[in-house]
Amino acid sequence: MSIIPSFFTGSRSNIFDPFSSEIWDPFQGFFSIINNLPESSRETTAIANTRIDWKETPEAHVFKADLPGLKKEEVKVEVEEGRVLQISGERSRENEEKNDKWHRVERSSGKFLRRFRLPENAKMDQVKAAMENGVLTVTVPKAEVKKPAVKAIDISG
């Protein structure tokens, strides 16, 4: 075996050869494994792809979720015991025709579910949700923090 590349013979198969055509690909076969997974396993990508922002303002906790292509009827916002806010839904898969040839499928489909434990100051009975242009906004008002009463004490003497 020669470490010098063989330009004339066309066979470059030495692993120490920097010009070798046989380069180890760590992703070789990875996508075929993904494509061979059962349908239910591939649908979990919808769960991972549901991105939700949570910000706290002086008046409320505000959650924003990008849910393009979903109608408000396909999304559920629920409040559970223990101050848990749950946002869930399902993105349906597009109907496939027998003679269709797909080149790429990147949009996720399936069920999604996200849960958030809210702090003590959340008013769980006043949660509001709105959906506009594929963005779900959930507003959870905050209870006013009562400042401890300060009582001045006269100093005798």
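In this text, all values refer to a predicted model and were calculated from it rather than measured experimentally. (Residues numbered from 1 in each chain as written. Predicted model: local features only at pLDDT ≥ 70, side-chain atom pairs only at ≥ 80, totals over all residues. Heavy atoms only, no water.)

A. Just the nonpolar core, in detail. In terms of nonpolar packing, the biggest core is built from 16 residues, with Phe63 and Ile87 touching the most fellow members. Going through the elements one at a time, strand S2 (60-66), strand S4 (84-91), strand S5 (110-117) and strand S7 (135-141) are the ones with two or more residues in this core. Apart from residues no more than four positions distant in its own chain, phenylalanine 63 is found in contact with Ile52, Asp53, Trp54, Leu85, Phe116, Leu118, Leu136, Thr137, Val138 and Val140. (Core = buried A, V, L, I, M, F, W, Y, C linked by side-chain atoms within 4.5 Å. Buried < 20%, exposed > 50% of the residue type's maximum accessible area, 1.4 Å probe, protein only. Helix = DSSP H or I, 4+ residues; strand = E, 2+ residues; numbered from the N terminus. Contact = heavy atoms within 4.5 Å.)

B. Examining the sheet that holds strand S3 (residues 75-80) more closely. Taken together, three strands build an open sheet; the order of strands is S3-S4-S5 and the sheet is antiparallel. Strand pairing shows two members of the sheet lacking a second neighbour, S3 and S5, which therefore form its edges. Across the sheet, the axes of successive neighbouring strands diverge by a mean angle of 15°, strand direction being ignored. Across eight bridges, S4 lies against S5 in antiparallel orientation. Looking at S5, one finds that valine 84 is bridged to arginine 117. (Pairing = 2+ DSSP bridges. Axes fitted to C-alpha atoms, helices over the stretch in contact; angles between N-to-C directions.)

C. Inspection of the pattern of salt bridges at higher detail. According to the stated counting rule, one finds four salt bridges in the structure shown. Note that glutamate 56 is salt-bridged to lysine 142, the shortest N-O span being 2.7 Å. Separated by 86 residues along the polypeptide, glutamate 56 in strand S1 (residues 52-56) and lysine 142 in the segment after S7 bring together distant segments of the chain. By relative accessible area, glutamate 56 is classed as exposed at 52%. For lysine 76, the salt bridge identified is with glutamate 78, shortest N-O distance 3.8 Å. By relative accessible area, which is 29% here, glutamate 78 ends up partly exposed. (Salt bridge = Lys/Arg side-chain N within 4 Å of Asp/Glu carboxyl O.)

Taken by themselves, the reported measurements are silent on function.
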